Amino acid sequence: MIRISLPDGSVKEVEAGTTILSVVESIGPRLAKAAVCALVDGELKDVRDPLIQDGSLTVLTKGEPQVLETIRHTASHVMAQAVKRLFPNAKLGIGPAIDEGFYYDFDLADSLTEDDLDKILAEMKTIISQDLPILRKELPVNEARELLQSLDENYKIELLDDLSEIEGETITFFEQGEFIDLCRGPHLQTTGMLASDAVKLPSVAGAYWRGDEKRPMLQRIYGTAWETKADLEAYEWRQEEAAKRDHRRLGKELELFSIHEEGGAGLVCWHPKGARLKRTIEEFWYQQHDLGGYEIVATPHIGKAQLWSISGHLDFYRDGMYSPMDIDGVDYYIKPMNCPYQILIYKTKGHSYRELPLRMAEMGTVYRYERSGVLHGLMRVRGFTIDDAHIICRPDQVDAEIRRVYAFSMTMLMAFGFEEFEIYLSTRPYEGKAVGDEAQWEQATDALRAALEDRGLPYKVDDGGGAFYGPKIDIKVKDTLGRSWQCSTIQFDFNLPNRFDMTYIAEDGKEHRPFMVHRALLGSLERFIGCLIEHYGGAFPVWLSPIQANVIPIADRHVDYAHEVAEKMKAAGIRATVNETSERMNAKIRTAQLQKIPYMMVVGDREQEADAVALRLRTEQDLGDMKVDDVIGLIRSKIESKAQDLT
RNA sequence: GCCAGCGUAGCUCAAUCGGCAGAGCAACGGAUUUGUAAUCCGUAGGUUGCCAGUUCAAUUCUGGCCGCUGGCUCCA
């Protein structure tokens, strides 16, 4: 007998192996019918799973957030069943629940079209209305294999082979009607527990089997499923809102940047307004680095093969580099990173231990080869500027420097209004993609881990995601569509100092090897601005707005006064423009509003008389008439405090 | 790179079965001088991404290239 404790504090004694469902039935038949899944000691379980040891049990019904995963997992099975009905030769890949939906991969001779998706969805609705009971089955490995062989599911057999090594004797299957699938669950009790009007199949895409480009490409159908139609509609509304904030769309609408077919994919042209934004960021960045103990440097865009050979880039980073160009019979490469040149600067003289840590920073523009399919607006480009710095320090200073950089990074990102981050610790890359011995990697990785853990920061481990020269901490921010993008990176490097034979003279009068930390706070300026655009939906805080104030004369006779106001503002360091077109005031306001200019200043006879403006905000607030000097004071204070609000 | 979809005026999008390529906005010219999200009239704007092919005829069908969009382990 085992003891199962329930949320109300009571304890049930049952025989080991009793299913969750039968325990729930003893509590109440209604609850048993409504049960979607359960938590056993906090772990999500299928209601038909057996209870094997003492533990706590919580039954989950609709309305609780954890049930979505189960709903989506079942939806993916229903979709697979529908596909099998329509395309009996389809081979099943994997079909998990994901963040806002689910997918299932199929090997199919013909490629699926939008029409096919409609048909599949219709068949899914049929399966849901048939209300098929979903049964859980446990089979010994050999029987499981026979079953899959009889179904000719070769991908599933491969999964089974991997699983049987780990999980031993029995394998679980879920069966609904004629459909049976290798699966751990959890699942709903019947297909009818899905809401057929809360399921959609938005897209189909190619996906390599097990993510490996050397293996067959399967067709992945993406779906989304919710508890209710209203939830689905809310989700679709969120998607539409997100699309409106897409930086590619806003970049065009707000005239920030463009990328040209004639110029090249992934190569960004900054228009006046975008360049203004970029400059504002850079100016703040330089100012912070002056205060933060950094020396600013600048290095060339190309360098001889010799340099990249010493650094190891030609051995470990060649895939990311462009073909060399011949200059007087010597190969030169466009730089993919700034570090080698900064190291050359370090090496131009001898260094005392007293000078360390030495922090060199630059806005360094680099070019990297990215596969055409991964390019994405400003987020993934081929030419970009890194706010790059290299900290050269003594071994005893590394810890403090990493902490210092982390704090600096947070200050910087928060100044731009970002509040939510994901932190990753990236470890040693595999298969000869890394330099240095394993012990060093371990030591360095531990140092980074300690810096995170001492601060009690939650982080995830990106196994094998480190740079070729050392492990790193990455800080990512999320875009509107939930994709996360790396901004800050703090990289430990014990390799380049060796390769370049960097030294300093320690107290003992002897040469010692310094450590090096590479770091970028904003990461790529291009990507960072892409994130900023989406974060604010183009309505930047005043200090970042390319145009901060727009003066709107009501009639032509007010244009001179409008210019007078704008000049006064410019003299006070405010980016102000005048709308001199012969449009009506309403149209001028609309134009400014669409450009998301924070302050609109309407001037007519009344204002001209009183040395004032009628102040309207892009939030549609009308602040009424204000003296020009007062408005200047207000805007200046918003700029200086980097305020998020306008009043 | 691979799979799928897409590419028409500066922008957003039409064009039935292969039969003279169109609208709104923007631009330009003129009129209007307006009080908190679009004043009216007119003008101009195109090698339908590029290159081949099929056809009497191609924006439309076929192939190649360029570019864009979504996706390419969130692991049964």
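Residues numbered from 1 in each chain as written. Chains lettered and ligands numbered in written order. Predicted model: local features only at pLDDT ≥ 70, side-chain atom pairs only at ≥ 80, totals over all residues. Heavy atoms only, no water.

Student: Summarise the overall build of chain A; cite the residues concerned and give the values.
Tutor: Tallying secondary structure elements over chain A gives 20 helices and 33 strands in all. Reported as C-alpha extents along the three principal axes, the dimensions of chain A are approximately 80 × 75 × 55 Å. Every one of the 647 residues in chain A was classed for burial, and the buried ones make up 51%. Of the roughly 30,200 Å² that chain A leaves accessible, carbon and sulfur atoms contribute 48%. In chain A, the 77 positive side-chain charges and the 105 negative ones have mean positions that sit 3 Å from each other. (Helix = DSSP H or I, 4+ residues; strand = E, 2+ residues; numbered from the N terminus. Buried < 20%, exposed > 50% of the residue type's maximum accessible area, 1.4 Å probe, protein only. Areas by Shrake-Rupley, 256 points an atom, 1.4 Å probe, with all protein chains shown as cover. Lys, Arg positive; Asp, Glu negative; His and termini not counted. Charge placed at Lys NZ, Arg CZ, Asp CG, Glu CD.)

Student: Describe empty space enclosed by the protein, naming the residues involved and giving the relevant values.
Tutor: In this approach the atoms are scanned with a rolling probe the size of a water molecule, which exposes any empty space left behind. Scanning all chains against the criterion turns up one cavity of 30 Å³ or more. Its boundaries defined by the atoms lining it, the largest cavity holds a volume of some 100 Å³. Taken together, Leu254, Leu256, Lys273, Gly538, Phe540, Ser545, Pro546, Ile547, Gln595, Lys596 and Ile597 make up the lining of the largest cavity. The residue inventory of the lining of the largest cavity, partitioned by class, reads six nonpolar, three polar and two charged. (1 Å grid on protein atoms, 1.4 Å probe; cavity = no way out; pocket = protein on both sides within 12 Å on 5 of 7 lines; lining within 4 Å. Points joined across faces, edges and corners; volume = space filled by probe spheres on them. Nonpolar A, V, L, I, M, F, W, Y, C, P; charged D, E, K, R; others polar.)

Student: Which residues make up the packing of helix α17 (residues 559–571) against helix α20 (residues 628–640), and what are the values?
Tutor: Interhelical geometry of α17 versus α20 gives an angle of 40° and a closest axis separation of 10 Å. Judged on the interaxial angle alone, α20 and α17 are oblique. Both α17 and α20 take part in a crossing whose hand is right-handed. The residues of α20 that touch α17, namely those facing Tyr561, Val565, Lys568 and Met569, are Val628, Asp629, Val631, Ile632 and Ile635. When its residues are assigned to classes, the contact of α17 with α20 shows seven nonpolar, no polar and two charged. (Axes fitted to C-alpha atoms, helices over the stretch in contact; angles between N-to-C directions. Parallel < 35°, antiparallel > 145°, perpendicular 65-115°, else oblique. Left-handed = near helix turned anticlockwise from the far one by under 90°. Contact = heavy atoms within 4.5 Å.)

Student: Mind laying out the environment of Ala298, listing which residues take part and the relevant values?
Tutor: Within the secondary structure layout, Ala298 lies in the loop between β16 (295–296) and β17 (302–304). The exposure class of Ala298 is exposed, given its relative accessible area of 70%. Once the C-alpha coordinates of Ala298 and Leu39 are considered, the two residues, 259 residues apart in sequence, prove to be 57 Å apart.

Student: Describe the sheet that holds strand β18 (residues 325–327), naming the residues involved and giving the relevant values.
Tutor: If you trace the three strands from one edge of the open sheet to the other, you get β17-β19-β18, paired in antiparallel fashion. The sheet is open, and its two edges are formed by β17 and β18, each paired on a single side. Averaged over neighbouring strand pairs, the angle between their axes works out to 40° when direction is ignored. Sheet topology note: the β17/strand β19 (residues 330–334) ladder contains three bridges and is antiparallel. Across the sheet, Gly303 pairs through a bridge with Tyr333, a residue of β19. (Pairing = 2+ DSSP bridges.)

Student: Before we move on, can you summarise the sheet that holds strand β11 (residues 179–182) with the specific residues and values?
Tutor: Across the sheet, three strands lie side by side as β9-β10-β11; this open sheet has antiparallel pairing. Of all strands in the sheet, those bounded by a partner on one side alone are β9 (134–140) and β11. Here the average twist between neighbouring strands, direction ignored, is 30°. Two elements, strand β10 (residues 170–176) and β11, share four bridges in a ladder whose sense is antiparallel. Residue Phe173 lies in a different strand from β11, and its bridge partner there is Leu182. Across the sheet, helix α3 (residues 67–86) lies against β9, β10 and β11, angled at about 125° from β11, the strand it touches most. In the packing of helix α5 (residues 141–151) onto the sheet, contacts are made with β9, β10 and β11, and the angle to β9 comes to roughly 120°.

Student: Account for the layout of surface pockets, naming residues and giving values.
Tutor: Approximately 1,800 Å³ is the volume attributed to the largest pocket. If you trace the largest pocket, you find 50 residues lining it, with Tyr317, Arg368, Glu370, Arg380 and Lys472 closest to the centre. Classifying every residue of the lining of the largest pocket by side-chain character gives 18 nonpolar, 14 polar and 18 charged.

Student: Go over the packing of helix α9 (residues 272–291) against helix α13 (residues 398–415) with me, naming the residues and quoting the values.
Tutor: Close contact between α9 and α13 brings their axes to 12 Å; oriented N to C, the two are set at 150°. In terms of orientation, α9 and α13 fall into the roughly antiparallel class. In terms of crossing hand, the pair formed by α9 and α13 is right-handed. Judged by residue contacts, Phe284, Trp285, Gln288 and His289 of α9 engage Phe408, Met412 and Ala415 from α13. Class assignment of the residues belonging to the contact of α9 with α13 gives a composition of five nonpolar, two polar and no charged.

Student: Mind laying out α13, listing which residues take part and the relevant values?
Tutor: Quick reminder: α-helices carry 3.6 residues per turn. Residues three or four places apart thus point the same way. With 18 residues, α13 extends 26 Å between its outermost C-alpha atoms, agreeing within 8% with the 26 Å of an ideal straight helix rising 1.5 Å per residue. Taken together, the buried positions of α13 are Val398, Glu401, Ile402, Val405, Tyr406, Phe408, Ser409, Met410, Met412, Leu413 and Ala415. Note on α13: the residue one or two positions beyond its end, Gly417, has a positive phi of about 95°. (Expected span 1.5 Å × (residues − 1).)

Student: Can you lay out the pairing of β10 for me, pointing to particular residues and giving the numbers?
Tutor: Across the seven residues of β10, six count as buried, placing the element largely inside the fold. In terms of strand pairing, β9 meets β10 through seven bridges, oriented antiparallel. Within β10, the residue paired with Glu138 across the bridge is Thr172.

Student: Residues and numbers for the nonpolar core, please.
Tutor: In terms of nonpolar packing, the biggest core is built from 88 residues, with Ile281, Phe416 and Met569 touching the most fellow members. A total of nine residues in this core trace back to one element, the largest contributor, which is α13. Both domains that meet at this core, namely domain 3 (257–536) and domain 4 (549–640), each give it at least three residues. Sequence-distant contacts of Phe416, that is, excluding residues within four places in its chain, are made with Ile281, Phe284, Leu522, Phe528, Leu532, His535, Tyr536, Trp543, Leu544 and Gln644. (Core = buried A, V, L, I, M, F, W, Y, C linked by side-chain atoms within 4.5 Å. Domains from an automatic or database assignment.)

Student: Run through helix α1 (residues 20–27), naming residues and quoting values.
Tutor: Taken together, the buried positions of α1 are Ile20, Leu21, Val23 and Val24. Across the axial projection of α1, the buried residues extend over an arc of 160°, all falling on one side. Residues of α1 that are buried sit in contact with β2 (11–14), α2 (29–34), β3 (37–40), β4 (43–45) and β5 (55–60). (Arc of directions from axis to C-beta.)

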